[in-house]
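Architecture and fold: a report
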Amino acid sequence: MTPERKATMISARLPASLVARVDFIAKNTEGDIRSRSAALQAALEHWLPAQERTLEKRLEELGAPSKKVR
């Protein structure tokens, strides 16, 4: 198991049904996803690249420079 890195903590309000789904995945998945935080991090890391590409394309169309955060 990889030790968790120190990270900035955020607080988010989520629907109970979503939290239940995340808990189910965290409890029943073999591998690196062993906690709610790991499950949410994996989901965000999967979702963000497409969102960033879309935003970068839109900024290019508008002629605004893209400031990469990554």
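Here the structure is shown first, and the text comes after it.
Just so we're clear, the structure is a prediction, and the values are computed from it rather than from any experiment.

Conventions used here
- Residues numbered from 1 in each chain as written.
- Predicted model: local features only at pLDDT ≥ 70, side-chain atom pairs only at ≥ 80, totals over all residues.
- Heavy atoms only, no water.
- Patch = residues over 30% accessible without salt bridge, like charges linked within 9 Å, V, L, I, M, F, W, Y side chains within 5 Å.
- Areas by Shrake-Rupley, 256 points an atom, 1.4 Å probe, with all protein chains shown as cover.
- Salt bridge = Lys/Arg side-chain N within 4 Å of Asp/Glu carboxyl O.
- Helix = DSSP H or I, 4+ residues; strand = E, 2+ residues; numbered from the N terminus.
- Buried < 20%, exposed > 50% of the residue type's maximum accessible area, 1.4 Å probe, protein only.

Moving on, we get to a nonpolar patch on the surface. Together, Leu44, Trp47 and Leu48 line one region of the surface with nonpolar side chains, adding up to about 290 Å² of accessible area. Locating Leu44 in the fold gives a position in helix α2 (residues 36-62). A residue is classified by how much of its surface remains accessible, and Leu44, at 44% relative accessible area, is partly exposed.

Tallied over the entire structure, the rule returns two salt bridges. Arg36 is paired through a salt bridge with Asp23; the nearest N and O atoms lie 2.8 Å apart. Linking Arg36 in helix α2 with Asp23 in helix α1 (residues 16-28), this pair joins segments that are 13 residues apart in sequence. A residue is classified by how much of its surface remains accessible, and Arg36, at 43% relative accessible area, is partly exposed. Put simply, Arg58 and Glu61 hold a salt bridge, and the shortest N to O gap is 3.4 Å.

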